[in-house]
Structures are given as structure tokens and as C-alpha cells.
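Spelled out from the first residue to the last, the chains are:
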Amino acid sequence: ISVEDARREGVQHRMEGEDISSDRLKDTFGLTAVNFGDWMLGNAHVKERQLHLNHAYDSFMDLAGVLGVPPKALSLNGMLGLAIGAQGTGQYAAHFVPGVNEINLTRTSGAGSLAHEFGHGLDHYFARLAGLTRMADPFLTEFATQPAVTNRFVDGKNTKVNTFGDVRPEIVDAFKTIVQAMNKRPTTE
């Protein structure tokens, strides 16, 4: 939906009428950057930019509450950035860009998509820890069903190594459970 039509219910995270700056959004959540696309710049879009900032702040605060983590944890150790109306064609409401490590919410229909895109960012974050960033699909969910231990030649010897690098086995198991739940849902009426 458009940011103008977006309505939220729940705990208020801002004072009545309080506006959030790009810097405050960035600092509160530890984001690498908060960017706007070219067609969002200029005096004609000041109110629209502000509305996007306020909604993004509330959405990130809601997500931190749902996940039970401090707001800064949502930056994924400072990896994540946010762009609004900066990339894409508007074909999708939003998308996550691996490598750039940025959630892009489209100008016209990105409201309500932040948590979904954060999930892609989290998936990529763990893929980075697993050393999978050079893969065609650099997301842990693409590899979570593979064996946790792989044989590799290290110093001329066949050695068993953790397939997922520095990612703890319980994290890989959680991703495996997610993948299985998405792919093997029981049939219902």
C-alpha cells in the first residue's frame, strides 16, 4: 500500500506529532545509511519523505518488540541500510539487495513490507557468516538443508569442516526448519 494510506495500530513509539529525522532512524537502529531515491528529493516531497521516515521508525520499533531484541540489533551488526524509492521499478513493493545490504521500500507501495525484507536481510546476514556471499543466491535458506559437515582438502589432508563457517549449528537448524515449513506444508481443505 502507499505510505499515505498506511495506518498502524499499537504502542506509540513517538510523541504525538513527533517527526523522525534520517539521522535518528539511522542512529536508533544502527543502520549504515538511510537514503532516498532521486525522485523523492526536493521541496515537493518533504512531507512524503517525512511520512516514510516516521513509518519506517515505527515499523522497526514494532519489529524489535516482536522479536524481543534491542532496536540496534536490527542493523545486523551494522550491515543493514535502508533506501526509500531509490532502486527498482516499482514492480515489487520492496526488496532486499544482497551485497549492497539494503532494504529498499518503493516510494508508492512499500509501506507494510519492512519486516518481510528484514527477513531476507537476516537470511543474507547468516549467509555472509557462512561464507556464501559469492554464491548465485547468497542466502542461508538456499543451503540450510545441506549437510552441516563437508570434507575438504586442507593443507593436503582430507578434513571435515563446518559447511556453514562461523554459523552455529542451532542457527542452521532453525533455518532448516523454516525451509522445511515453507516447502512441506500439510494440505488443508
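What counts and how
- Residues numbered from 1 in each chain as written.
- Predicted model: local features only at pLDDT ≥ 70, side-chain atom pairs only at ≥ 80, totals over all residues.
- Heavy atoms only, no water.
- Helix = DSSP H or I, 4+ residues; strand = E, 2+ residues; numbered from the N terminus.
- Buried < 20%, exposed > 50% of the residue type's maximum accessible area, 1.4 Å probe, protein only.
- Contact = heavy atoms within 4.5 Å.
- Polar contact = N/O pair within 3.5 Å; in protein donor to acceptor, adjacent residues only side chain to side chain.
- Core = buried A, V, L, I, M, F, W, Y, C linked by side-chain atoms within 4.5 Å.
- Pairing = 2+ DSSP bridges.
- Axes fitted to C-alpha atoms, helices over the stretch in contact; angles between N-to-C directions.
- Phe/Tyr/Trp six-rings, centres within 6.5 Å; stacked < 30°, edge-to-face > 60°.

Phi at N77 is positive, roughly 60°, even though this residue is not glycine. Tracing the backbone shows N77 in the loop between α2 (46–67) and β2 (81–84). Take N77: its relative accessible area is 68%, and that puts it in the exposed class. The residue N101 is not glycine, and still its phi comes out positive at about 60°. Tracing the chain through its elements places N101 in the loop between β3 (94–97) and β4 (102–105). The buried category is assigned to N101, whose relative accessible area is 9%.

Our next topic: the environment of N104. Residue position: N104 is located in strand β4. Looking at N104, the relative accessible area reads 0%, which means it is buried. Along the sequence, N104 and M61 sit 43 residues apart, while their C-alpha atoms lie 18 Å from each other. Setting aside residues up to four positions removed in sequence, N104 forms contacts with A83, I84, G85, A86, Q87, A94 and H95. Polar side-chain contacts of N104 include one of 3.1 Å to the backbone nitrogen of A86.

In this section: the nonpolar core. Most often, soluble globular proteins have nonpolar side chains that are buried together. If you look at the biggest cluster of nonpolar residues, it comprises 39 residues, and the most contacted ones within it are L25, F29, L31, F60, L82 and L140. Among the secondary structure elements, those contributing two or more residues to this core are α1 (22–29), β1 (34–36), α2, β2, β3, β4, α3 (114–129) and α4 (169–183). When residues in this core are grouped by element, the largest group, 7 residues, is from α2.

The 4 strands are arranged β1-β2-β4-β3 in an open sheet whose pairing can be described as mixed. Unpaired on one side and paired on the other, β1 and β3 mark the two borders of the sheet. With strand direction ignored, the average angle separating the axes of adjacent strands in the sheet is 20°. Running over the sheet, α3 touches β2, β3 and β4 and is turned about 15° from β3.

Okay, the packing of aromatic side chains next. All told, the structure shown has 5 aromatic pairs when counted by the stated rule. Considering the side-chain rings of F29 and Y57, the 5.6 Å spacing of their centres and the 65° angle between planes classify their relative orientation as edge-to-face. Pair noted here: F29 is in helix α1 and Y57 is in helix α2, with a separation of 28 residues, a long-range link. On the accessibility criterion, F29 (0% relative accessible area) is buried.

It is worth stressing that arrangement in space is one thing and function is another; only the former is reported here.
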